[in-house]
Amino acid sequence: MKYMSEYRDPELAKKYLEEIKNTVSRPWSIMEVCGGQTHSLVKNGIIDMLPDSVTMIHGPGCPVCVTPLNLIDKAVYLASEKGVILCSFGDMLRVPGSQKSLLEAKAEGADVRILYSPLEAVKIAEDNPEREVVFFAVGFETTAPANALSVVHAHRRGVKNYSILASHVLVPPAIKAVIDDEESKIDGFLAAGHVCTIMGNAEYHPISAKYKVPIVVTGFEPLDVLQGILMVIRQLEQSKSEVENQYARIVREDGNPEAQKVINEVFEVRNQMWRGIGFECSQFGKKCKPTNPLGAPMVSSEGACAAYYHFSGLVEA
């Protein structure tokens with residue numbers, strides 16, 4: 001637990017909570033962009049310990065949740081109708097398409113395989129030269145380098161029967177879309193630390209300056225999240241709007257140039273807007289459960305619905 005237990009210190013967590021309570025003077029709404037941060041907030045009970053004047057809004061940072069329905073349908077079509085070997089991460093298999101999920105297609109005989117790395121899909125393509133192999137590549141900036149690298153490897157090895165069905169999205173445009181929404185009432189953001197390990201912080205400075213919102217790049221452990229919230233609140237209380245880096249032990253201002261190079265070598269990531277979700281859903285915990293999800297946010301390990309289902313106590317075990 002070295003390098004992790006120190007970020008879960010309950011006594012230090014109490015101090016951060018007390019400082020938050022002593023600092024906040026009016027209601028503030030803060031969006032944690034990443035689903036991993038949502039899970040940390042809910043799993044560790046931070047949501048319930050924050051003062052009522054601090055409202056956390058769950059953002060778009062779940063890669064499975066922002067995958068468009070039509071791409072799920074395309075993946076099912078490729079597997080069911082075109083007979084390709086369709087590979088992806090496990091979370092994607094249970095996400096409902098308009099007609100069926102990849103898991104249902106697999107049950108009907110489609111060759112759908114769960115992998116832990118896109119490089120495994122390249123090996124499958126090498127071993128099955130007579131079959132087309134497609135890797136269903138989803139995610140934000142964090143997964144893009146590995147997915148792009150698989151294409152580079154396939155090209156270098158002369159593998160002609162490998163391709164990716166890309167559903168990559170960027171975080172900064174999603175944040176801008178949320179702010180531009182007329183119904184948005186968000187005062188500050190916790191930016192996803194692992195995304196910034198790849199891309200750095202530079203893209204957030206223009207957003208913070210234009211919209212006058214504080215953005216704090218934050219990690220995922222309980223103390224990371226609490227410190228990030230405190231840093232946002234301090235800025236809001238002082239009428240500041242800057243980009244700060246709570247996750248400095250991992251994140252550099254320029255990110256990871258080598259990973260960026262791999263991404264740019266292969267494809268251009270596209271944008272996907274996201275407005276966020278709430279928990280007013282009448283089907284939550286009833287017809288919609290992890291065993292029978294009606295939508296992606298209940299499927300993914302980073303989905304906000306799944307976080308509340310597993311950790312909030314809203315649904316009895």
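Residues numbered from 1 in each chain as written. Predicted model: local features only at pLDDT ≥ 70, side-chain atom pairs only at ≥ 80, totals over all residues. Heavy atoms only, no water.

Participant: Would you mind going over the pairing of strand β1 (residues 28-34) with me for this structure?
Facilitator: Both faces of the sheet carry side chains from a regular strand, because those side chains alternate between them. Within β1, seven of the seven residues are buried, which leaves it mostly tucked inside the rest of the structure. Here β1 runs beside strand β2 (residues 54-61); their pairing, made up of six bridges, is parallel. Looking across to β2, one finds that S29 is bridged to T55. Pairing analysis gives three bridges linking β1 to strand β7 (residues 188-192), with the strands arranged parallel. By the bridge assignment, E32 is partnered in β7 with L190. (Buried < 20%, exposed > 50% of the residue type's maximum accessible area, 1.4 Å probe, protein only. Helix = DSSP H or I, 4+ residues; strand = E, 2+ residues; numbered from the N terminus. Pairing = 2+ DSSP bridges.)

Participant: Would you explain the pairing of β7 in this entry?
Facilitator: Burial analysis of β7 places five of its five residues in the buried class, the great majority of the element. Alignment of β7 against strand β8 (residues 215-218), held across four bridges, turns out to be parallel. The residue of β8 that forms the bridge with A192 is T218.

Participant: Honestly, the side chain of S101 in this entry has me stumped. Any pointers?
Facilitator: Considering the arrangement of structural elements, one finds S101 in the loop between α5 (90-93) and α6 (102-107). Among the residues examined, S101 registers a relative accessible area of 6% and is labelled buried. Those residues in contact with S101 that sit more than four places away from it in its chain are V76, L93, R94, V95 and P96. (Contact = heavy atoms within 4.5 Å.)

Participant: Sorry if this is basic, but what is going on with helix α11 (residues 204-211) here?
Facilitator: Residue pairs spaced three or four apart in an α-helix point in one direction, given the helix's 3.6 residues per turn. Of all the positions in α11, only Y204, I207, S208 and Y211 are classed as buried. Along the axis of α11, the buried positions cluster into a sector of 95°, meaning they face one direction only. Elements that come into contact with the buried residues of α11 comprise α9 (171-180), β7, α10 (193-199), β8 and β9 (243-245). Looking one or two residues past α11, K212 carries a phi angle of roughly 60°, positive in sign. (Arc of directions from axis to C-beta.)

Participant: I tried to follow unusual backbone geometry on my own but got confused; where do I start?
Facilitator: The phi angle of most residues is negative, glycine excepted, and most peptide bonds adopt the trans form. Positive phi outside glycine occurs at K212, with the angle close to 60°. Structurally, K212 is set in the loop between α11 and β8. Its relative accessible area of 60% is what places K212 among the exposed residues. With phi around 60°, S239 is a residue other than glycine that occupies positive phi space. Here S239 shows up in the loop between α12 (222-237) and β9.

Participant: I would appreciate a short explanation of the pattern of salt bridges in the present structure.
Facilitator: Side-chain pairs of opposite charge can arise where the charged atoms are in close proximity. Scanning the entire structure with this criterion turns up ten salt bridges. Among the ionic pairs, E19 bridges to R234, the shortest N-O distance being 2.2 Å. One end of the pair, E19, is in helix α1 (residues 10-23); the other, R234, is in helix α12, with 215 residues separating them in the sequence. K100 serves as the salt-bridge partner of E108, at 2.6 Å between the closest nitrogen and oxygen. (Salt bridge = Lys/Arg side-chain N within 4 Å of Asp/Glu carboxyl O.)

Participant: Please explain the side chain of S88 as it appears in this structure.
Facilitator: Locating S88 in the fold gives a position in strand β3 (residues 85-88). In this structure, S88 is in contact with R113, I114, L115, F135 and F136, ignoring residues within four places of it in sequence.

Participant: Sorry, what's going on with the sheet that holds strand β6 (residues 162-168) here?
Facilitator: Sheet strands pair by backbone hydrogen bonding; their relative direction is either parallel or antiparallel. Strand order in this open sheet of four strands is β4-β3-β5-β6, and the pairing throughout is parallel. On the outer flanks of this sheet lie β4 (112-114) and β6, each paired with one strand and no other. Ignoring which end each strand starts from, the neighbouring axes of this sheet average 25° apart. Together, β3, β4, β5 (133-139) and β6 form the strand contacts of helix α7 (residues 118-127), whose direction differs from that of β5 by roughly 170°. Helix α8 (residues 144-157) contacts β5 and β6 of the sheet and is inclined by roughly 160° relative to β6. (Axes fitted to C-alpha atoms, helices over the stretch in contact; angles between N-to-C directions.)

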